[in-house]
Each structure stands twice: as structure tokens, then as C-alpha cells.
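# Inside the fold
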Amino acid sequence: MAQSDSNKMWGGRFTAQPDQLLETINASIGFDQRLADQDIRGSQAHANMLAAVGLLTAEDARAIIDGLERIKEEIAAGEFVFSTALEDIHMNVEARLKELIGEPAGRLHTARSRNDQVATDFRLWVRDAIDTLDAQLQALITVLLDQAEAGADMVMPGFTHLQSAQPVTWGHHMMAYVEMFARDRSRFRDARARLNESPLGAAALAGTSFTIDRDRTAAALGFDRPAANSLDAVSDRDFALEFLSAAAICATHLSRFAEELVVWSSAQFRFVKLSDAFTTGSSIMPQKRNPDAAELVRGKSGRVFGALTTLLTVMKGLPLTYSKDMQEDKEPLFDAADTLEICLAATTGMVSDMAPNPEALRAAAGVGFATATDLADWLVCALNMPFRDAHHVVGSLVREAEMRGVELEALPLEAMQAVEPRITAEVFEVLSVDKSVASRTSYGGTAPSQVRAQIARWRTALQREGES
């Protein structure tokens, strides 16, 4: 009986053909072909190292490197035929390399295993994904800064419990998301720094008896150093978990912002108008303008959360070192990275195109007795009243305003003096929403001066980053 392609790759121990079901469940080429570029880069670095230490002739190394480059071109052109029988990207590439250059292809696998090979490929892929997401997050931060700068003086309601709390500015609200997405960048960058160790040369799990130069391959692939423990090198998926953790937090921030856009763009709020590029109409209701992009960003966060849970579940019971369970690490991570990438792109587009409605924002800013805290602060400062007493007085004034159906700034002075006789007409100076936001000058506060200071700080930071 002729051996199958997979038997030929496995070697002489296996004579019977694998059951079709096993072949199907065992194969990962359907998804790990996405590692092709990283796999080829790793193999080229490995071949160069083998030649440098004398384990491969210069002629064989050149044939291998050139053959791998041709395979890379075939894959890019869509001409490469992926075989399920060859299981994964590594064996598919190796088999094609043998077709192209013959016997030297078999020397490439000297001093390495698929275990350290896939760990290296996967780290390289995640590192590339982080770099892509980092650039996207910077772009999102930039358009948020643009919105903040344009609306630094634009008053709007600030909420707690989705109830009107205190007036803030549009710029201040946008800057809150700048801070969130900047922390997301920081988390991804921290994850990148920790993952940037090379597993290549750890071999199956115990290292190798060949005299190799792991520092050389690490440097060639842009790693900071080789991984220090061969067992850990092939079994670690912390880097994937950390990536997914950072992705899940970022997806949470995107979802929160998307929820606000959904609410704000409703006819009941009218705080913001989203462009036609990110909204759709209704099949039956011609007046509808649905915030589909924001809703999908909100909904897709669940896919990212699910990917993290999936990989945590896969890894939680695995003894050292490699187990086939770990083949399940890639699909959820690939999906999470793809999902986050499109959500960041959509959110950046929505922020760039959206138009706040200053009139609706201002009208809502003073509703719900939003300057009640300002009144309490005035009682403390002007009348030397303890804050708890001031809180009680303002509560009584709010109740009086409710009974009259007016906001605090429309409450007559005599009505206020009936509750607290020492109140003077000067109190009306603090009851407008503009005076309220202008007074919040503490560091990080909503005063336009503070908002502009924070915008300038972030502009400078991004400019320095671009110059470095």
C-alpha cells in the first residue's frame, strides 16, 4: 500500500493511512496558512544560522532561501496549493520546497521541531497584529483629539446612571476616550515587549545537541533575545492570552463608545449625526437612519471576549509541554484580531465623520438640575456653610424647582431665600451651564482651558512619538 503524503512526512514508523476523520480533525492548514509569511521568515533565518555555524553549506542555504522566497511569491499570487493531507503550514511549505529544490530541503529541519517552529511563527504573527492595531489606535486617538479640539467649549450633559449629573464639554467627553484608547495602546505595547523572545532553537522541548546560535536567529527575526527555557518556549501561550486580554479590554471601550453613539444619534437625544457611510435605512420605514456600524461594533465585542475565554479554557489543564489541544489557539486569536481591526476602523470612521449638535447638547446640559452641585459649592464658599448642610439646602431647592416646573436658574430669589435667607442674587452667577463648566479648572476637569491643555499634551506626545 502506498503511503499517503502525511505518512511520508511522518517517516517510517507509520505504515497505515490515517482515517479520514482523524485527518480532518488533525489538519490545521485551513487556518494556519495565515502563518505562511511568518513561517517562511523563520525558516530563512534558521537556514542562514545553520550555514553560519557550519551545519548547512552555503550552497544549500542559498537554495533553501531562494526556494522559500519563490514559495512566498506563489502564496501571494494565489498559486500555491494547500494540502489537508500535509496537516499544517510547516509541512505544506516543506513539501513544496522539496519539489522545488530537492534533497537540500530535507536539511532545513536540522536542529528544530514543529513545536518551536509554530511557537515562533505565532509570536511573529501576534507581534505583527499588535503593530497593526497600534497604528489603528493612534489614528482613532488623533480623530478623537480633532473632535475634542473642535468642541472644547461645547457644553453637554454629563451623566451618571444615565441621569443628568453635571454639565461637561464635548471636548472633555472625547478626551475621556483618548485616555481609554491610549491605555489600550499601552497594554498592547507591554504585551509586545513581553512576547518578543524567540522560541526558535528550543526544538521539540529539550533544546538540541547541535551547536546552534539562537541569538543570531532571534536578532534576524527582530526578537530581543532567545527564550531562556526550552520547555517554556514551546508550551507558552501567555503572549496569546495577553494579546486577547488587551483586545477584550479595547473591545469593551469600543463597545461603550458605540453604545453612546447609538443613544446620542436617536431622535430622542439628537446629540450627534452619523454620516451616511456608517448608517443604513429601513426596508419599510423611510424616515429611519439606523446606526448599524455602531451597533455592530457593540455586538462584535462578544466575539473578542469569547476568544479570550476559549483560549483560557484550552490552556488551563495542559501539562508541559506541547499538546495537540494547543492547535486550538490560533482560530480564536485570528478571529479576535480581525474583529478588533474592523471595529477600530469603523469607529475611527464614525468619529471622523460624526457631527455633534451644539443646540441639542446645550439644551440637554441644563436639564435635570445639572448645576445643583455648583449651587452647593457656592453655599460653601460664599456662606461658609458645611458641605453636608449645603447638600441638604440644595436638595430642598431642587424639590421647590420641581414643584414649580423650572430649572434652578429660573427659581426666583425669594423662593431660594425662603429656604436659606443668606442666599443673594450673586448665586445666579454660578447656575448657568457655561459658568459651571468654566469653573471646573482642577487638573483633568471639564473647563475648556483644562480640555485644551490636555489636547496640547496629547498632540505633543504623538508628535514626539512620530519623531522618535
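Here the residue numbers are simple positions, counted from 1 along each chain's written sequence. pLDDT decides what is reported in this predicted model: residues at 70 or higher carry local features, side-chain atom pairs at 80 or more are listed and counted, and totals for whole chains, interfaces and linings draw on all residues regardless. Only hydrogens and water are set aside; all other atoms, that is, all heavy atoms of the structure, feed into the side-chain values.

## Remarks on the overall build of the protein
Tallying secondary structure elements over the protein gives 19 helices and six strands in all. Each radius of gyration reported is based on C-alpha atoms, and the globular scaling rule is 2.2 Å times the count of residues to the power 0.38. Radius of gyration (C-alpha) of the protein: 31 Å, far over the 23 Å computed for a compact globule of 468 residues. Along the first, second and third principal axes, the C-alpha set of the protein runs to 100 × 50 × 40 Å. Throughout, exposure labels follow a simple rule: accessible area from a 1.4 Å probe, protein chains only, divided by the maximum for the residue type, with under 20% read as buried, over 50% as exposed, and the rest as partly exposed. For the protein, the proportion of its 468 residues judged to be buried stands at 49%. Here, residues are in contact when the closest pair of their heavy atoms is within 4.5 Å. Counting contacts in the protein only where the partners sit at least 6 residues apart, residues at least 24 apart contribute 73% of the total. In short, Shrake-Rupley with a 1.4 Å probe defines the accessible areas, and a residue's cover is counted only from the protein chains shown. Accessible area for the protein stands at about 22100 Å²; split by element, carbon and sulfur atoms hold 52% of it. A residue counts as positive if it is Lys or Arg and as negative if it is Asp or Glu; His and the chain ends are not included. A charge is said to be at NZ when it belongs to Lys, at CZ for Arg, at CG for Asp and at CD for Glu. Considering the protein, the positive charge centre built from 46 side chains and the negative charge centre built from 65 side chains are found 1 Å apart. A helix here means a DSSP run of H or I that spans at least four residues, while a strand means a run of E at least two residues long, and both kinds are numbered starting from the N terminus.

## Remarks on the environment of valine 419
In this structure, valine 419 sits in helix α17 (residues 413-419). Sequence spacing of valine 419 and methionine 154 is 265 residues, and the spatial spacing of their C-alpha atoms is 33 Å. If sequence neighbours within four positions are ignored, valine 419 has contacts with Val393, Ser396 and Leu397.

## A few points about the side chain of arginine 127
Mapped onto the fold, arginine 127 is located in helix α7 (residues 114-150). No salt bridge is formed by the buried arginine 127, whose closest oppositely charged neighbour, aspartate 128, lies at an N-O distance of 4.7 Å. Contacts of arginine 127, omitting those with residues within four sequence positions, involve Arg41, Arg192, Leu195, Asn196, Leu221, Gly222 and Phe223. Any Lys or Arg side-chain nitrogen located within 4 Å of an Asp or Glu carboxyl oxygen qualifies as a salt bridge.

## As for the layout of surface pockets
Here a cavity means grid points, on a 1 Å grid over the protein atoms only, where a 1.4 Å probe fits yet cannot get out; a pocket means an open set of points with protein on both sides within 12 Å along at least five of seven lines; lining residues are those with an atom within 4 Å of a point. Grid points are joined across faces, edges and corners, and a volume is the space filled by probe spheres set on the points. There is about 660 Å³ of room inside the largest pocket. Contributing to the lining of the largest pocket are 28 residues, with Gly158, Phe159, Thr160, Ala165 and Gln166 lying nearest its centre. Elements with a contribution of two residues or more to the lining of the largest pocket: β1 (155-160), β2 (163-169), α8 (170-195), α11 (238-264), α15 (372-383) and α16 (387-404). A per-element tally of the lining of the largest pocket places β2 first, with five residues.

## A look at the pairing of β2
The side chains of a regular strand alternate between both faces of the sheet. Between any two strands, at least two bridges found by DSSP are needed for them to pair. Bridge analysis of β1 against β2 gives six bridges, and the strand direction is antiparallel. The partner of glycine 158 across the bridge, within β2, is glutamine 166. Adjacent in sequence and paired antiparallel, β1 and β2 are bridged by two residues, among which histidine 161 carries a positive phi angle near 60 degrees.

## Quick look at α7
Expected span, for any helix, means 1.5 Å times one less than how many residues it has. With 37 residues, α7 extends 54 Å between its outermost C-alpha atoms, agreeing within 8% with the 54 Å of an ideal straight helix rising 1.5 Å per residue. Of all 37 residues making up α7, 27 are buried, and the element is well covered by its neighbours. The N-cap of α7, judged by a side-chain oxygen 3.0 Å from the amide nitrogen of asparagine 115 a few residues on, is serine 113. N or O atoms within 3.5 Å of each other form a polar contact, as long as, within protein, one can give a hydrogen and the other can take it, and as long as residues adjacent in sequence are counted only when both atoms are side-chain atoms.

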